[in-house]
Amino acid sequence: MKILVNGQEHDLAADRLSTVLAALDYEGEWLATAVNGDLVHAQDRSDFRLKEFDRVEVLSPMQGG
């Protein structure tokens, strides 16, 4: 299935958000995720099914000041 993750196209067999994140080495509860512009909470990622050409955004907090 083709999906966009942070603007890059990926062809993955996974159909759940948590599986896609693991396949792309995005790990941790500290991540913020959105699919097609809608926030997906960490506790909902394992049940969230993706569709062909969904747009996934993965954000991580930055340190600094």
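What counts as what
- Residues numbered from 1 in each chain as written.
- Predicted model: local features only at pLDDT ≥ 70, side-chain atom pairs only at ≥ 80, totals over all residues.
- Heavy atoms only, no water.
- Core = buried A, V, L, I, M, F, W, Y, C linked by side-chain atoms within 4.5 Å.
- Buried < 20%, exposed > 50% of the residue type's maximum accessible area, 1.4 Å probe, protein only.
- Helix = DSSP H or I, 4+ residues; strand = E, 2+ residues; numbered from the N terminus.
- Contact = heavy atoms within 4.5 Å.
- Pairing = 2+ DSSP bridges.
- Axes fitted to C-alpha atoms, helices over the stretch in contact; angles between N-to-C directions.

A. Structural view of the nonpolar core. By size, the foremost hydrophobic cluster in this structure holds 13 residues, and its most contacted members are Ile-3, Leu-17, Val-20, Leu-50 and Val-56. Secondary structure elements with two or more residues in this core: β1 (2-5), α1 (17-23) and β5 (55-59). Take this core: its biggest share by element is three residues, from α1. In this structure, Val-20 is in contact with Ile-3, Val-5, Leu-12, Ala-14 and Leu-50, ignoring residues within four places of it in sequence.

B. Quick peek at the sheet that holds strand β4 (residues 38-40). Read across the sheet, five strands follow the order β2-β1-β5-β3-β4 without closing on themselves; strand pairing throughout is mixed. Two strands in the sheet have a free side with no partner beyond their single neighbour: β2 (8-11) and β4. Along the sheet, successive strands turn relative to each other by an average axial angle of 30 degrees, direction set aside.

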